[in-house]
Amino acid sequence: MFNDLEENEKIRRAMLGDTAALSQLLQMHYAFVYKYLVKITLNPSHAEDLTQDTMARCIEKIKLYNGTSKFSSWLITIATRLMIDQERRRRSERRWQEQEQQQALRQLEWHTSHRRCMAGGIGRLSRNAAGKPNPAHSQALLRLHIRRDRQHALTRGGHREI
């Protein structure tokens, strides 16, 4: 482990493009960042990936380090922001997948009800034994057709007022 003067000298040299100094800095702080990420993610594999991403980001942004905080704090800030960004992406991806599943389910329901309707299942329900329209079923049939038309408009991507 370096003392503060040695670390500051390595940081200065790394900012000037000395890859050996940068490599030593990253090696020195790697375990610290990894342990921190294991504690907050509770997943060693995910922590390893985030640590690698943190080190890569440090290599890209070393010239932006301004020295107002400790170098280790700067690395922890990078690691934390990377973790938060990944979690946001995961949540967004999960929402998108749920929406896709809901849309597929709506399409399946529409196709199923459409087949029943075309096969006469709904039509038979809407008439009584004498063949006259049954008022109790007529409203249900109307709601079914309105819902079917809305679903059909959604699956086509249109926004049709009904």
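All figures in this text were calculated on a predicted structure; none of them were measured in a lab.

Enquirer: Sorry, what's going on with the overall build of the protein here?
Expert: Looking only at helices and strands, the protein has six helices and zero strands in total. Moving toward the C terminus, one meets the helices and strands of the protein in the order α-α-α-α-α-α. Considering the protein as a whole, with its 162 residues, one finds that 26% of them fall into the buried category. When contacts within the protein are restricted to residue pairs at least 6 apart in sequence, those whose partners lie at least 24 apart make up 46%. Taken as a whole, the protein presents about 11,700 Å² of accessible surface, with 53% of it coming from carbon and sulfur.

Enquirer: Mind showing me how you'd approach the packing of aromatic side chains here?
Expert: Describing an aromatic ring pair means giving the distance of the ring centres and the angle of the ring planes. Counted according to the given criterion, the structure contains three aromatic pairs. Ring centres 5.4 Å apart and planes at 85° place the aromatic pair tyrosine 65 and phenylalanine 71 in the edge-to-face group. Exposure remark for phenylalanine 71: the relative accessible area of 1% places this residue in the buried category. Ring-pair connections join several aromatic residues into one group, and the members of that group are Tyr65, Phe71 and Trp74.

Enquirer: I'm lost on the side chain of threonine 51 in this one. Help?
Expert: With respect to the helices, strands and loops of the structure, threonine 51 is situated in helix α3 (residues 44–61). Taking relative accessible area as the criterion, threonine 51 reaches 0% and is therefore assigned buried. For threonine 51, the contacting residues outside a window of four places in its chain are Tyr30, Val33, Tyr34 and Leu37.

Enquirer: Any chance you could explain the environment of methionine 83 here in plain terms?
Expert: Secondary-structure assignment places methionine 83 in helix α4 (residues 71–119). Placed 33 residues apart in sequence, methionine 83 and leucine 50 show a C-alpha to C-alpha distance of 6.9 Å. The contacts of methionine 83, once residues within four sequence positions are left out, are Ile40, Thr41 and Leu50.

Enquirer: Looking at this model, I keep getting lost on the nonpolar core. Mind explaining?
Expert: Side chains of nonpolar character tend, in soluble globular proteins, to be buried together. Counting residues in each nonpolar core, the largest one holds 23 residues, and the members touching the most others are Val33, Cys58, Ile62, Phe71 and Trp74. If sequence neighbours within four positions are ignored, cysteine 58 has contacts with Leu22, Leu26, Phe71, Trp74, Leu75 and Ile78.

Enquirer: What is the right way to look at α3 in this model?
Expert: In this model, α3 (18 residues) spans 25 Å end to end at C-alpha, consistent with the 26 Å of a helix rising 1.5 Å per residue. Within α3, burial applies to His46, Ala47, Leu50, Thr51, Thr54, Met55 and Cys58. Two or three places before serine 45, at the start of α3, stands the capping residue asparagine 43, its side-chain oxygen 3.1 Å from that residue's backbone nitrogen.

What counts, and at which threshold
Residues numbered from 1 in each chain as written. Predicted model: local features only at pLDDT ≥ 70, side-chain atom pairs only at ≥ 80, totals over all residues. Heavy atoms only, no water. Helix = DSSP H or I, 4+ residues; strand = E, 2+ residues; numbered from the N terminus. Buried < 20%, exposed > 50% of the residue type's maximum accessible area, 1.4 Å probe, protein only. Contact = heavy atoms within 4.5 Å. Areas by Shrake-Rupley, 256 points an atom, 1.4 Å probe, with all protein chains shown as cover. Phe/Tyr/Trp six-rings, centres within 6.5 Å; stacked < 30°, edge-to-face > 60°. Core = buried A, V, L, I, M, F, W, Y, C linked by side-chain atoms within 4.5 Å. Expected span 1.5 Å × (residues − 1). Polar contact = N/O pair within 3.5 Å; in protein donor to acceptor, adjacent residues only side chain to side chain.

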